[in-house]
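Understanding the architecture of this molecule
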Amino acid sequence: VAQGLVRALEQRIAGATIPRVLSQPPGWAAMPAVPNVEGTKFPFGPKVQCGSTLWVSGALVPIGDMAAQTRSTLSALEGHLADAGMSRHEIVKVDIVVLSMAELPALLEEYRSFMAGVSQLPALSVHQPRGTCAATKTEIAVTASTLPKRVAPHDPRAGGVRGDLAAVSSAAVRCGDMAWLSAAAAPEAGDARAQATAVWGRIHAALKAVGFGAGNSACASVVLQDMDDLGDVRTAAAASLESAAGAADSLVVSACSAGLVDDALVEISINACGLPTEATAPSTARRGDLVWTTASAVAGSRSVRDATLACWRQLELNLDAAGLTRHDVVKVEAMIGDLAAVFDFNQATWEYLSVMDRMPAMILSEPRALPDGAFVHLSAIASALPKRHFPKTVYDGRRWAVVEEPLPALPAMPPTGGRKVLASGLEVENKDVTYTGGLSGKKLRMPDEQHGLPVSMLNSTKRNFSEAQSAAMAKIQESLKPPCDHPNMLNFKLTLGLFIPSTNTTMEQELWSILKHDKNAGKCAGIGMHTVNVITPKPRVGTAEEVAQYRDAFLGGMKASLTTMKQARPRAYIMGMSIEHILPDLMSVQKPMLDFEAECEGLAFSEWTTAAAAGLNKFQATRIALLAPFDPAGMGHAVKVFTELGFEVVRELGFGCASTIDIGHVPFDAKKRAIVEALAGPDVDAIIQCGTNLSLTPVIEAVEPMTGKPVLGINQTLLWYALREAGFADKLDGAGRLFREH
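A quick note: this is a predicted structure, and the numbers were derived from the prediction, not measured.

Right, let's get into helix α18 (residues 714–725). The end-to-end C-alpha separation of α18 is 16 Å, in line with the 16 Å expected for 12 residues at 1.5 Å each. Of all 12 residues in α18, 12 are buried, a share of seventy percent or more. All of the buried residues along α18 are Ile714, Asn715, Gln716, Thr717, Leu718, Leu719, Trp720, Tyr721, Ala722, Leu723, Arg724 and Glu725. Gly727 sits one or two residues past α18 and shows a positive phi near 95°.

Taken together, the 4 strands give an open sheet; going across it, the order is β31-β30-β32-β33, and neighbouring strands pair in parallel fashion. Pairing within the sheet leaves two strands with one partner each, and these edge strands are β31 (648–654) and β33 (711–713). Between one strand axis and the next, the sheet turns through 20° on average, direction left out of account. Of the strand pairs in this sheet, strand β30 (residues 623–628) and strand β32 (residues 686–689) are connected by 4 bridges, and their pairing is parallel. In the strand pairing of β32, Leu627 is matched with Gln689. Against the sheet, helix α15 (residues 632–644) engages β30, β31 and β32, with an angle of about 155° to β31. Along the sheet, α18 makes contact with β32 and β33, crossing β33 at roughly 85°.

Core analysis: the biggest nonpolar cluster contains 101 residues, and Leu496, Phe642 and Leu723 have the highest contact counts within it. Here this core gets 7 residues from one element, more than from any other, and that element is α18. In contact with Leu496, not counting residues within four places along its chain, are Ile527, Gly528, Met529, His530, Pro570, Ala572, Ile574, Leu719, Ala722 and Leu723. Counting 37 residues, the second largest nonpolar core, distinct from the first, contains Ala297, Trp312, Met356 and Phe375.

Interpreting fine coordinate detail is not advised for predicted regions of low pLDDT. Residues of the protein chain with pLDDT of at least 70 account for 84%, and the chain-wide mean is 83. Predicted confidence for residues 4–39 stays below pLDDT 50, and this span has 69 contacts to residues more than four positions away or in other chains. Below pLDDT 50 for its whole length, residues 404–414 participates in 26 contacts with residues either more than four positions away or in separate chains.

As a further point, take helix α6 (residues 230–240). Looking at α6, one finds that the buried residues are Leu230, Val233, Ala236, Ala237 and Ser240. Here the buried residues of α6 occupy an arc of 120° about the axis, which is enough to place them on one side. Close packing links the buried residues of α6 with α5 (192–209), β11 (217–224), β12 (252–257) and β13 (266–273).

Before going further, it helps to examine the pattern of salt bridges. As enumerated under the stated definition, the model contains 22 salt bridges in all. As a salt-bridge pair, Arg88 and Glu78 come within 2.6 Å of each other at their nearest N and O atoms. Residue Arg88 is found in the loop between α2 (66–83) and β3 (91–98), and its partner Glu78 is found in helix α2; the two are separated by 10 residues along the sequence. Residue Glu78 is classed as partly exposed on the basis of its relative accessible area, which comes to 26%. A salt bridge links Arg737 to Glu741, with the nearest nitrogen and oxygen atoms 2.8 Å apart. In this pair, Arg737 and Glu741 are both assigned in helix α19 (residues 736–741), 4 residues apart and thus about one turn of the helix distant.

On to the packing of α2 against helix α3 (residues 104–114). Packing of α2 against α3 leaves a shortest axis separation of 8 Å and a crossing angle of 35°. As for the relative orientation of α2 and α3, their crossing is right-handed in sense. Taken together, the residues of α3 that come into contact with α2 (itself represented by Met66, Ala67, Thr70, Arg71, Leu74 and Glu78) are Ala106, Leu107, Glu110, Tyr111 and Phe114. By residue class, the composition of the contact of α2 with α3 is 7 nonpolar, 1 polar and 3 charged.

As a further point, take the sheet that holds strand β28 (residues 572–575). The 4 strands lie next to each other as β27-β26-β28-β29, forming an open sheet whose pairing is parallel. Pairing within the sheet leaves two strands with one partner each, and these edge strands are β27 (527–534) and β29 (604–606). In this sheet, neighbouring strand axes are inclined to one another by 20° on average, regardless of whether the strands run parallel or antiparallel. Across 8 bridges, strand β26 (residues 494–501) lies against β27 in parallel orientation. Within β27, the position partnered with Ile500 by the bridge is Asn533.

Rules and cut-offs
Residues numbered from 1 in each chain as written. Predicted model: local features only at pLDDT ≥ 70, side-chain atom pairs only at ≥ 80, totals over all residues. Heavy atoms only, no water. Helix = DSSP H or I, 4+ residues; strand = E, 2+ residues; numbered from the N terminus. Expected span 1.5 Å × (residues − 1). Buried < 20%, exposed > 50% of the residue type's maximum accessible area, 1.4 Å probe, protein only. Pairing = 2+ DSSP bridges. Axes fitted to C-alpha atoms, helices over the stretch in contact; angles between N-to-C directions. Contact = heavy atoms within 4.5 Å. Core = buried A, V, L, I, M, F, W, Y, C linked by side-chain atoms within 4.5 Å. pLDDT = per-residue confidence, 0-100. Arc of directions from axis to C-beta. Salt bridge = Lys/Arg side-chain N within 4 Å of Asp/Glu carboxyl O. Left-handed = near helix turned anticlockwise from the far one by under 90°. Nonpolar A, V, L, I, M, F, W, Y, C, P; charged D, E, K, R; others polar.

Now the structure itself:
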């Protein structure tokens, strides 16, 4: 079917609309041409990284025999890994579809060569759908992680895994709180129920080998020879998970019918997580920052477009119940009942996902059958962590092209409409606008600036006024009668709400120095700040006990400071605090920030980990040096946070300040020498600095030319992120390369 479709489409090709190619990622292997219809939109991205985990879309190169296609596909995948600063050694899971099991040996021969030298092999799954995109012989998707691996080899005594597959894979791979299992089968066990029971036993053994239990199973990908056997598989799963309270109910199952290795009747592949499950929607599970969810739609009398959109809407309802949105989707496994409808599926999916700044990774195939007669099935992973911003790419039918990203004008969307009552009692049109964040891609709200002056603003006893003066007063009063819509006289473009610890004497002044710089004053006219302190009555951080007291005071004071801030009605927020020195890992740092952002009523919110990752990614930096005022324990936390963000911390240096007040007294010369003489070097791509009371802007201008490296100070980077997020694209001077170049 797919081959016939390609031949028919070739007769209609007029040449795809190709975006201007700026550059190719390092290590990239250009893909041969794939037939494409002009105007077709491909609703997926090449890769998505959140924290330490990278999901890469299914790669396919439908040119040549199986060996040639496999080599080209693996080369393309390696290019994406290299672009993320990774290699085949960081791969934790490989998902392979083949058009014919008869050609699997040729694929495995090339795969074995590719994995030569990899000591900790990834988990692996292989199945044969009814059809693949462009009739390619194979499509391969990978997941990778920067965290250390703990692997469990296949147990030869357990059986169920063909020797040539066992030789190139591990039974399970664990990185931190996540684990990926190879597809398990038991063709020797008998009927479908017996095979499913044996498979679950092997899954439990693999989980145990990496320190997990049955209750850690988050998502199961089930492939069956016959869809009628799904009930037996579910029964076996319920019996197998009975000992783990609630595990069967919280397990998300994605099922399809396809051909399997050695004609097994059942194959099951597991994603596992060591974090507890939160109650959400059916077919949905949230564990920590990750959500697994599935949705299906029957076509029936509906068009493919309508069925696809219905499936995506159900998926987003599931995500909403778990506290996330379509913007947080990082990986999608899509299956449709007939690949002849792939272009309708692509167009509808593009329509639904086009609001996203970065499309998710995706793998697409046509199974033999889907449960309950569904035509479209989506299995998705979403993450609450910020996405790493690789250069934006568009697939044009023959390769990934890196395209320019003009910052959006403000507002990018029309007013939200409706009415509101001003302080004066006057009811007016609500002129709030919604727009797309210039860096996050989130849908944000820019509040209306009109506040309305009192109807009777001018007051006087009219004593000692001449007739002319009284007439002038009347004219002034007339000019102030409603409707009146006067902007803030100083902050008429943007009021930034800045939160800083009560001991911070640096950040506000440093941000003003950038906005009021001689060369920036005109560009930044109308941009101002309102600052609110987060009360931290005990500023000492010299011992673990003092750090804990400071942490509890800051986290406990955030909500009260937001209540105070809202009285000034800012239009965007900046959290002027790097809390990685008081919290042990990225998840602990992100959670209070995400909770805080949820209280910001849709306004843009700039926090350090998101801004730092966005700034570093603008320079395609992967290896960094870290400067901070923290003690050894705090430096250890900071290194872990940036590692989990996906960066390699080559070296770090902390000033070990005993109190947060002391941070503001570290001399500029000490900071300059620390960067130039201790941190910079050919083995780092950028230097990054934490601690908002540690002024660095004057130092940045001096050391960047000396080191040849971009230096990202926390204060300058947070302001850059806030302005770019709000749509202000002007390049600014006096604040380093980040503001001048991006």
